[in-house]
Amino acid sequence: DSRGTVVRYELHDGVINSNERMTYTDVNAIITDHDPEVTARYQSLVPFFEMMGELFQVLNKRRRRRGSIDFDLKEPEIVLDDQGMVEQIIALERNIAHRLIEEFMLVANETVAQHLHDQNVPTLYRIHETPDPLKVAEFEEFISTLGYSLGTDPEDIQPKHFQKLVTKMRGTPEEKPIAFLMLRTMQKARYDPENSGHFGLAAGSYAHFTSPIRRYPDLVVHRTLRESRLKQMDQAREEQLIEDMPEIARHTSERERRAAEAERELVQWKKVRFMADKVG
């Protein structure tokens, strides 16, 4: 509806038929820059992109109203030359095209997670628990020296308190260090068979149903969703899933952490290589 609440949804097996190879750059040029050349090239699709831009605003406002935390920290993008050497390191830009796809993915993930929860289907949720009050108290103590506050008791912390702080310090020199410390204050998101909600997104139900990289947890969600929709899940299968899910959750969470650490290490190494001839 006009406030971004999902009032109806349908679940289908789908086949994607791509008529155009759209890029984030081209879609951004149409929605944000109103580039005449790109707009003319994709004339028949322009109304869809404009509507997508409007829907993004509606969904984003809905998420902000409930207190979802948007850090928007710029990640480094490493540009390599033909020899695989680092040519430059720049801040990765997320334009409206990136952000609207993210927003649509979030609402798809929430809708599917809520559906599976309502149907009591054993599956894999993406959960993010409430931060430890002790860590929140330590964070509050630090930011108070910089003139900031979460404005609540650490025991009563809600996502909206972090969201307000993020908004308040946006564009300030201390934004980045405080945001990184805030991330450390929070729990790590993980996979779990129990649906205990997602603190950072202020979502009651969340699952990795859709993602730009195909994760094994996505596949688990796809399979359990399909089996329940096609009435293929008998009691024996349900019991098997209930038994297997805790180990699948543990294993995929651990693999995700290892992958993230490997990526971080590689980026650090590339940065050091880039700076090797720039000593002093």
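Given the structure is predicted, the values throughout are model-derived calculations rather than measurements. (Residues numbered from 1 in each chain as written. Predicted model: local features only at pLDDT ≥ 70, side-chain atom pairs only at ≥ 80, totals over all residues. Heavy atoms only, no water.)

1. Regarding the overall build of the chain
And then number 1: Within the chain, the regular secondary structure consists of 9 helices and 4 strands.
And then number 2: Along the chain, helices and strands appear, N-terminal first, in the series α-α-α-β-β-α-β-α-α-α-β-α-α.
And then number 3: With the C-alpha coordinates aligned to their principal axes, the bounding extent of the chain is approximately 65 × 55 × 45 Å.
And then number 4: In the chain, buried positions account for 34% of the 280 residues.
And then number 5: A separation threshold of at least 6 residues defines the contact pool for the chain, and within that pool the share at least 24 residues apart is 69%.
And then number 6: Here the chain carries 39 positive and 48 negative side-chain charges, and the mean point of each set is 1 Å from the other. (Helix = DSSP H or I, 4+ residues; strand = E, 2+ residues; numbered from the N terminus. Buried < 20%, exposed > 50% of the residue type's maximum accessible area, 1.4 Å probe, protein only. Contact = heavy atoms within 4.5 Å. Lys, Arg positive; Asp, Glu negative; His and termini not counted. Charge placed at Lys NZ, Arg CZ, Asp CG, Glu CD.)

2. Side note on helix α5 (residues 133-144)
And then number 1: For α5, with 12 residues, the first-to-last C-alpha span of 16 Å sits near the 16 Å given by 1.5 Å per residue.
And then number 2: Inspection of α5 places V136, F139, E140 and I143 among the buried residues, and these make up the whole buried set. Viewed end-on, α5 has its buried residues packed into an arc of 105 degrees, placing them on one side of the element. Exposed side of α5, more than 90 degrees from the buried face: L134, E138 and E141 are the residues found there. (Expected span 1.5 Å × (residues − 1). Arc of directions from axis to C-beta.)

3. Focus on the pairing of strand β2 (residues 86-91)
And then number 1: Across 5 bridges, strand β1 (residues 76-80) lies against β2 in antiparallel orientation. Across the sheet, residue P76 finds its bridge partner in β2, namely A91.
And then number 2: Adjacent in sequence and paired antiparallel, β1 and β2 are bridged by 5 residues, among which G84 carries a positive phi angle near 80 degrees. (Pairing = 2+ DSSP bridges.)

4. Things to note about the environment of E175
And then number 1: Within the secondary structure layout, E175 lies in helix α7 (residues 175-185).
And then number 2: Judged by relative accessible area, E175 falls into the buried class, the value being 16%.
And then number 3: In the structure, E175 is positioned 104 residues away from F71 in sequence and 9.5 Å away in space, judged by C-alpha atoms.
And then number 4: Setting aside residues no more than four positions away along its own chain, E175 makes contact with F71, M169 and R170.

5. Some details on the packing of aromatic side chains
In this description, an aromatic ring pair is defined by two values, namely the gap between the centres and the angle between the planes.
And then number 1: Per the counting criterion, the structure on display carries 2 aromatic pairs.
And then number 2: Ring geometry for F139 against F162: centres 6.2 Å apart, planes inclined by 45 degrees, an arrangement best described as tilted. A residue pair is termed long-range when its members are at least 10 positions apart, and F139 in helix α5 and F162 in helix α6 (residues 159-169) qualify at 23 residues. There is no split in this pair, since F139 and F162 are both buried. (Phe/Tyr/Trp six-rings, centres within 6.5 Å; stacked < 30°, edge-to-face > 60°.)

6. A word on the nonpolar core
And then number 1: Membership of the largest hydrophobic core comes to 17 residues, with the highest contact counts inside it found for F139, L150, F162, L165 and M182.
And then number 2: Counting only elements with at least two residues in this core, the list comes to α5, α6 and α7.
And then number 3: Those residues in contact with F139 that lie beyond four places of it in its chain are L150, F162, L165, I178, L181, M182 and T185. (Core = buried A, V, L, I, M, F, W, Y, C linked by side-chain atoms within 4.5 Å.)

7. Looking at a negative patch on the surface
And then number 1: Together, D132, E138, E141, D153, E155 and D156 give the surface a local cluster of negative charge.
And then number 2: Along the chain, the position of D156 falls in the loop between α5 and α6.
And then number 3: You can call D156 partly exposed: its relative accessible area is 47%. (Patch = residues over 30% accessible without salt bridge, like charges linked within 9 Å, V, L, I, M, F, W, Y side chains within 5 Å. Areas by Shrake-Rupley, 256 points an atom, 1.4 Å probe, with all protein chains shown as cover. Salt bridge = Lys/Arg side-chain N within 4 Å of Asp/Glu carboxyl O.)

8. Observations concerning the packing of α5 against α7
And then number 1: Orientation of α5 relative to α7, taken along the N-to-C sense of each, is 165 degrees, at an axis distance of 9 Å. By the angle between their axes, α5 is roughly antiparallel relative to α7. Relative to α7, α5 is oriented so that their crossing is right-handed. Between α5 and α7, the residues in contact are K135, V136, F139, F142 and I143 and I178, L181, M182, R184 and T185, respectively.
And then number 2: Within the contact of α5 with α7, the residues separate by chemical class into 7 nonpolar, 1 polar and 2 charged. (Axes fitted to C-alpha atoms, helices over the stretch in contact; angles between N-to-C directions. Parallel < 35°, antiparallel > 145°, perpendicular 65-115°, else oblique. Left-handed = near helix turned anticlockwise from the far one by under 90°. Nonpolar A, V, L, I, M, F, W, Y, C, P; charged D, E, K, R; others polar.)

9. Description of the pattern of salt bridges
And then number 1: In total, this model carries 18 salt bridges according to the counting rule given.
And then number 2: In this structure, the salt-bridge partner of E256 is R126, at a minimum N-O distance of 2.8 Å. Linking E256 in helix α9 (residues 235-275) with R126 in strand β3 (residues 125-127), this pair joins segments that are 130 residues apart in sequence.
And then number 3: Its relative accessible area of 9% is what places R126 among the buried residues.
And then number 4: Of the charged contacts, one joins R190 and E129 as a salt bridge, the two residues approaching to 2.9 Å between their closest N and O atoms. You can see R190 sitting in strand β4 (residues 190-192) and its partner E129 sitting in the loop between β3 and α5, a full 61 residues away along the chain.
And then number 5: Each of R63, R64, D70 and E103 takes part in one network of salt bridges that share partners.

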